[in-house]
Amino acid sequence: MATGTLSLHPVAHARSGGWSAVFALTLCVATLIASEFMPISILTPIASDLGVTEGNTGQAIAVSGLFAVLTSLSLSWLTAGMDRRTLLLGLAVLMLVSGLTVALAPNFAVFIVGRALIGIVIGGFWSMSAATVMRLLPENGVPRGLAMLNGGNALATTVAAPLGSFLGQYIGWRGAFFVVVPLAIMTFVWLWRTLPQMPSARGGKAASALGVLRKPAARLGMAAVALLFMGQFALFTYLRPFLETVTDLSISLLSLVLLAMGAAGLIGTWLIGRVIARSLTTTLIFAPLVMAAIALGLVVTGTIPVATAALLAGWGLVGTAIPVAWWTWLSRTLPEDVEAGGGLMVAVVQLAITLGAGGGGVLFDVAGYRATFIASAALLIGSAVLALLGARRSATTATAPSVA
């Protein structure tokens with residue numbers, strides 16, 4: 001039967017290079033995420049060299065996020081019929097071009113163009129990630145493959161800022177961005193050697209990202225994802241001022257707590273495949289409830305350093321791993337439209353992060369950390385409720401008698 005977007009038959013399941021290709025994709029995502037957030041720690045030298053304000057330079061992150069959203073929403077139907085191997089290799093080349101453009105930018109306008117290019121790669125890669133892993137691995141290996149990608153994401157998010165600061169100190173901000181170039185070349189060669197042909201179905205009409213929302217299960221799931229990331233980033237974005245002013249940690253202890261949270265996140269991505277294998281539905285419902293309990297716990301024990309550190313380690317353990325569960329849900333709920341669904345999920349996540357961080361900032365300034373963390377908990381509980389409703393709807397649909 002022809003599908004609307006991709007033919008997800010096991011083209012690569014029998015290939016010994018399936019896992020090798022997933023490793024290559026993990027290197028790609030780590031490089032992308034490090035590139036996306038590296039400007040955070042080197043804003044001052046970039047602004048000074050390009051003759052703009054630090055505020056303007058900070059828009060480099062907003063630009064990459066904007067183009068990631070636009071790409072994720074449009075890639076599926078714009079590239080209908082294109083072999084996914086060719087598309088992924090093209091994105092690797094675009095990552096190389098972005099690295100060169102940013103590192104050699106003579107002015108701010110060219111710098112922003114380079115940042116827009118990396119946004120296109122981020123949106124394109126993430127919208128295709130679940131569909132690609134499904135075609136590279138057997139069904140029972142998909143959660144582990146997605147966990148590996150998310151582990152690369154978690155590692156890059158943890159090290160991006162300190163790595164940028166370290167490299168910027170010794171080889172300058174341009175040298176720090178130029179590091180992307182050899183990594184992009186390595187990624188391209190690795191993908192070239194390991195990716196099989198992955199033809200996209202030419203028959204039928206390609207599903208659009210927004211078209212996926214016609215399905216009730218998709219609407220409930222995406223709403224749950226939105227509340228999850230809004231709640232997560234309403235709290236996560238303001239951890240540093242919370243730890244400095246409420247927990248009263250020194251900079252060195254604060255860095256240690258954040259590092260421990262990142263390390264717990266890596267452990268979480270390693271464990272999540274086993275947890276999902278036992279029950280995906282339970283994971284989607286209880287993970288945000290655990291995070292909500294941690295948010296409320298921080299309200300109560302935020303002045304106690306040891307308790308706060310333990311709670312944040314738990315936050316990292318669960319919060320970093322839960323996206324793997326939702327990507328697995330996507331691969332099981334929308335197997336015929338997983339690429340279009342992936343594009344929609346990327347857009348939902350990016351917008352939810354923006355809304356959560358923005359709304360959390362307003363609350364943090366106006367009402368303080370308690371109101372912010374309580375709002376975070378409420379959003380996370382809402383995500384769990386929607387996940388429960390979605391599970392019940394799916395169960396009802398599955399047991400309903402078919403009508404001839």
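Residues numbered from 1 in each chain as written. Predicted model: local features only at pLDDT ≥ 70, side-chain atom pairs only at ≥ 80, totals over all residues. Heavy atoms only, no water.

Draft legend 1. Spotlight on the packing of helix 11 (residues 280-301) against helix 12 (residues 305-319). Running from N to C, helix 11 and helix 12 cross one another at 160°; their axes reach a closest spacing of 10 Å. Our classification of the angle between helix 11 and helix 12 gives roughly antiparallel. Helix-helix and strand crossings are classified by hand; for helix 11 and helix 12 the assignment is left-handed. Across from A287, V290, M291, I294, A295, G297, L298 and T301 in helix 11, the residues of helix 12 making contact are A307, T308, L311, L312, G314, W315, V318 and G319. Looking at the contact of helix 11 with helix 12 residue by residue, the classes come out as 11 nonpolar, five polar and no charged. (Axes fitted to C-alpha atoms, helices over the stretch in contact; angles between N-to-C directions. Helix = DSSP H or I, 4+ residues; strand = E, 2+ residues; numbered from the N terminus. Parallel < 35°, antiparallel > 145°, perpendicular 65-115°, else oblique. Left-handed = near helix turned anticlockwise from the far one by under 90°. Contact = heavy atoms within 4.5 Å. Nonpolar A, V, L, I, M, F, W, Y, C, P; charged D, E, K, R; others polar.)

Draft legend 2. Broad picture of the environment of M186. Within the element layout of this structure, M186 appears in helix 7 (residues 180-194). We classify M186 as partly exposed; its relative accessible area is 45%. Note: C-alpha distance between M186 and L27 (159 residues apart in sequence) is 8.9 Å. (Buried < 20%, exposed > 50% of the residue type's maximum accessible area, 1.4 Å probe, protein only.)

Draft legend 3. Local environment of the pattern of salt bridges. A complete count under the given rule lists one salt bridge for this structure. Here R174 and D49 are joined by a salt bridge, their closest N and O atoms 3.1 Å apart. Residue R174 is located in helix 6 (residues 142-178), and its partner D49 is located in helix 2 (residues 43-50); the two are separated by 125 residues in the primary sequence. Note on D49: relative accessible area 43%, which makes it partly exposed. (Salt bridge = Lys/Arg side-chain N within 4 Å of Asp/Glu carboxyl O.)

Draft legend 4. Just the nonpolar core, in detail. The biggest cluster of nonpolar side chains holds 101 residues, and the ones touching the most others in it are F125, W326, L330 and M345. If we skip the residues at most four places from it in the chain, W326 touches G221, A224, V225, L228, L284, M345 and A387. (Core = buried A, V, L, I, M, F, W, Y, C linked by side-chain atoms within 4.5 Å.)

Draft legend 5. The arrangement of the environment of A287 in detail. Summarising the element assignment, A287 is placed in helix 11. A residue is classified by how much of its surface remains accessible, and A287, at 11% relative accessible area, is buried. When near neighbours in sequence (up to four residues on either side) are disregarded, A287 contacts T282, V318 and I322.

Draft legend 6. Spotlight on the environment of I120. Secondary-structure assignment places I120 in helix 5 (residues 108-136). Here I120 falls in the partly exposed class, since its relative accessible area comes to 25%. On a C-alpha basis, the gap between I120 and A68 in space is 5.1 Å, while along the polypeptide they are 52 residues apart. Those residues in contact with I120, other than ones at most four positions away along the chain, are F67, T71, L91 and L94.

Draft legend 7. Geometry of the side chain of T328. Tracing the backbone shows T328 in helix 13 (residues 322-333). T328 sits in the buried class, given a relative accessible area of 1%. Other than its neighbours up to four places away in sequence, T328 contacts P143, L146, I276 and L280.

Draft legend 8. Representation of helix 12 in the model. Helix length check: helix 12 (15 residues) gives 20 Å between terminal C-alpha atoms against 21 Å at 1.5 Å per residue, within 8%. All of the buried residues along helix 12 are T308, L312, W315, G316, V318 and G319. (Expected span 1.5 Å × (residues − 1).)

Honestly, it's all geometry; don't read function into it.
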